[in-house]
Amino acid sequence: MASNIDVSVPDARSEFKLVSILDTDFYKFTMQQAVFEYYPTAQAVYRFVHRDKDRQFPKACIEKFKISLNSFAEVQLKQDERVWLQDKCNYFKPNYLDYLQSYRFKPEQITVNFIPSSNDPAMGSVEIEARGLWLETILWDTPLMARLSEIYFRYADQDWDYTGQEEQAMHKAMCLFDARCTFCDLGTRRRRSLLAHDLVLSGIIKAQDTHEWKDGFLGTGNVYYAMRYNLKPIGTIAHEWFMGIAAICNYKDATVTALDLWSKLYGESFSVTPTDTFSTEVFYREFDSMRANQWKALRQDSGNPKAFAPRAKQMYEERGIDHTQKGIIYGDALDDVNKVKALHDQC
């Protein structure tokens, strides 16, 4: 774990470079393999949407962000990383790993535009777009969002340091273990820095090592840290899989096509699905008894989390399925331990 660090300075001298191609969300690779398998020639466009409309970026941050993009071209899958993927993730086929090892980021696929504010031209919003083969552009969004967040917290919001971050993470994890809540880390794209991410994971793992209950921490969505700390890589399928198939095929059959192609490739290995790509009620209309039996869990990612479990229970009961044998993964704004506990108790 991280040690002997200066907790008072947020990475003041470190460069903005991707430490590994694995420093991303695990489901980017499972989805890339699916695209490799089914839609290798499809074109795609990814656009950044900043949900916090009241928060602006300094122009200097965006300029640093632009400059940092060229370093992505230097990153590639290393041989020891491939060996680890082969050993820990046997659902990745050899021909896909061959492709991944040959993969290189293409910075020319990215366009970045700073839109100055009418009140202050040194502040404004940013437009980011990745355009190219879906097979290639699919790996851009997580490291780009992480890079933008890290630069923002280096140069714009500096009212923070690393003091107590590991201890705070350890305390939160202990509270969740006490309540017998299971959870995983999915913090890559919104982290303040690589080191901050490391400290949080360090705190969680120390809590797990200390606590009597050892089954609470399921793993991390970050593949780099999964390899580094011998954790289980966590993640299955994202909204973009459904959206891409809808654009390629048709929206009417997008949900069932996305689910069935995924099941054909992975079986039950990653049978956790979001429900809200085109709204949860639309999803449930397509999620018939056969598919509801096949898929092990649902992911709540928007809307009222308290209303999700009762509605999911009703959906399973309507199909004659025992809801107690199914799971729900909550992943929307869970920044309060008490909120997590309340959802756990409800389920």
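Rules used in this analysis
- Residues numbered from 1 in each chain as written.
- Predicted model: local features only at pLDDT ≥ 70, side-chain atom pairs only at ≥ 80, totals over all residues.
- Heavy atoms only, no water.
- UniProt positions renumbered as here; feature names shortened; annotations may be inferred.
- Helix = DSSP H or I, 4+ residues; strand = E, 2+ residues; numbered from the N terminus.
- Buried < 20%, exposed > 50% of the residue type's maximum accessible area, 1.4 Å probe, protein only.
- Lys, Arg positive; Asp, Glu negative; His and termini not counted.
- Salt bridge = Lys/Arg side-chain N within 4 Å of Asp/Glu carboxyl O.
- Polar contact = N/O pair within 3.5 Å; in protein donor to acceptor, adjacent residues only side chain to side chain.
- Contact = heavy atoms within 4.5 Å.
- Phe/Tyr/Trp six-rings, centres within 6.5 Å; stacked < 30°, edge-to-face > 60°.
- Domains from an automatic or database assignment.
- Buried area = accessible area lost by both parts, 1.4 Å probe.
- Nonpolar A, V, L, I, M, F, W, Y, C, P; charged D, E, K, R; others polar.
- Axes fitted to C-alpha atoms, helices over the stretch in contact; angles between N-to-C directions.
- Parallel < 35°, antiparallel > 145°, perpendicular 65-115°, else oblique.
- Left-handed = near helix turned anticlockwise from the far one by under 90°.
- 1 Å grid on protein atoms, 1.4 Å probe; cavity = no way out; pocket = protein on both sides within 12 Å on 5 of 7 lines; lining within 4 Å.
- Points joined across faces, edges and corners; volume = space filled by probe spheres on them.

If you check an unreviewed UniProt entry, the chain appears there as Nicotinate phosphoribosyltransferase from Rhizopogon vinicolor AM-OR11-026. On record in UniProt, under Sequence similarities (unreviewed entry), the comment for the chain is "Belongs to the NAPRTase family." UniProt, in its Catalytic activity (unreviewed entry) section for the chain, records the words "5-phospho-alpha-D-ribose 1-diphosphate + nicotinate + ATP + H2O = nicotinate beta-D-ribonucleotide + ADP + phosphate + diphosphate".

A. How the structure looks around the side chain of Lys326. Among the structural elements, Lys326 can be located in the loop between helix H14 (305–318) and strand S9 (327–330). Among buried Asp, Glu, Lys and Arg side chains, Lys326 stands out as unpaired, with Glu268 the closest opposite charge at 7.5 Å. Polar contacts involving the side chain of Lys326 include one to the main-chain carbonyl oxygen of Asn293, which spans 2.9 Å. Beyond its immediate sequence surroundings of up to four residues, Lys326 is in contact with Ala292, Asn293, Trp295, Lys296, Tyr316 and Ile321.

B. Region of interest: the packing of aromatic side chains. This structure, assessed with the given rule, holds 35 aromatic pairs. With centroids separated by 6.4 Å and ring planes inclined at 45 degrees, the aromatic side chains of Tyr38 and Trp241 adopt a geometry described as tilted. Taken together, the positions of Tyr38 in helix H1 (residues 26–38) and Trp241 in helix H10 (residues 239–248) put the pair 203 residues apart, joining distant regions of the chain. Ring geometry for Trp262 and Tyr266: centres 4.8 Å apart, planes at 50 degrees, overall tilted. Here the residue Trp262 and the residue Tyr266 both occupy positions in helix H11 (residues 254–266), the gap between them amounting to four residues, near one helical turn. Like Tyr266, Trp262 is buried.

C. Region of interest: the domain arrangement of the chain. Entries for the chain in the domain assignment read domain 1 (26–156), domain 2 (165–229) and domain 3 (239–346). Between the C-alpha centres of domain 1 and domain 2 there is a distance of 24 Å. Between domain 1 and domain 2, the contact holds 15 residues from the first and 11 residues from the second. Overall, the association of domain 1 and domain 2 removes approximately 1200 Å² of surface from exposure, summing both partners, and the carbon and sulfur fraction of that is 60%. Connecting domain 1 to domain 2 are two salt bridges. A salt bridge links Arg191 to Glu150, with the shortest nitrogen-to-oxygen separation between them at 2.7 Å. At the junction of domain 1 and domain 2, the tally comes to six residue pairs in polar contact (both at pLDDT 80 or more). Mapped onto the side of domain 1 that touches domain 2, the elements with two or more residues apiece are H1, helix H3 (79–88) and helix H6 (141–155). Of all the elements, H6 adds the most residues to the side of domain 1 that touches domain 2, at seven residues. Within the side of domain 1 that touches domain 2, the residues separate by chemical class into eight nonpolar, two polar and five charged.

D. Fine view of the UniProt feature "domain: Nicotinate phosphoribosyltransferase N-terminal" (unreviewed entry) in the chain. Feature annotation in UniProt places "domain: Nicotinate phosphoribosyltransferase N-terminal" (unreviewed entry) on residues 22–149, given in this structure's numbering. Within the segment residues 22–149, helix and strand shares are 43% and 20% respectively, and the terminal C-alpha atoms sit 18 Å apart.

E. Structural detail: the UniProt feature "domain: Nicotinate/nicotinamide phosphoribosyltransferase" (unreviewed entry) in the chain. As annotated by UniProt and renumbered to match this structure, "domain: Nicotinate/nicotinamide phosphoribosyltransferase" (unreviewed entry) occupies residues 182–346. Taken end to end, residues 182–346 has its terminal C-alpha atoms 14 Å apart, with 50% of it in helix and 11% in strand.

F. Layout of the packing of helix H7 (residues 165–178) against helix H15 (residues 337–346). Between H7 and H15, the shortest axis-to-axis distance is 10 Å and the interhelical angle comes to 20 degrees. Our classification of the angle between H7 and H15 gives roughly parallel. Along this stretch, H7 crosses H15, giving a crossing that reads as right-handed. Residues Lys172, Cys175 and Leu176 of H7 pack against Val337, Val340 and Lys341 of H15. Taken together, the residues of the contact of H7 with H15 sort by class into four nonpolar, no polar and two charged.

G. View of empty space enclosed by the protein. Counted under the stated rule, the structure contains one cavity of 30 Å³ or more. If you add up the space inside the largest cavity, you get close to 40 Å³. Lining the largest cavity, in full, are Phe242, Thr255, Pro274, Thr275, Asp276, Thr277, Phe278, Ser279, Val282 and Phe283. Partitioning the lining of the largest cavity into residue classes produces five nonpolar, four polar and one charged.

H. Structural detail: the packing of H7 against helix H8 (residues 194–210). Where H7 contacts H8, the axes come no closer than 7 Å and their chain directions differ by 40 degrees. The orientation of H7 relative to H8 falls into the category oblique. Judged by the twist between their axes, the crossing of H7 over H8 is right-handed. Taking contact as the criterion, the partners of Gln165, Glu166, Ala169, Met170, Ala173, Met174 and Phe177 in H7 are, on H8, Ala196, Leu199, Val200, Ser202, Gly203, Ile204, Lys206, Ala207, Gln208 and Thr210. For the contact of H7 with H8, the class distribution of residues is 10 nonpolar, five polar and two charged.

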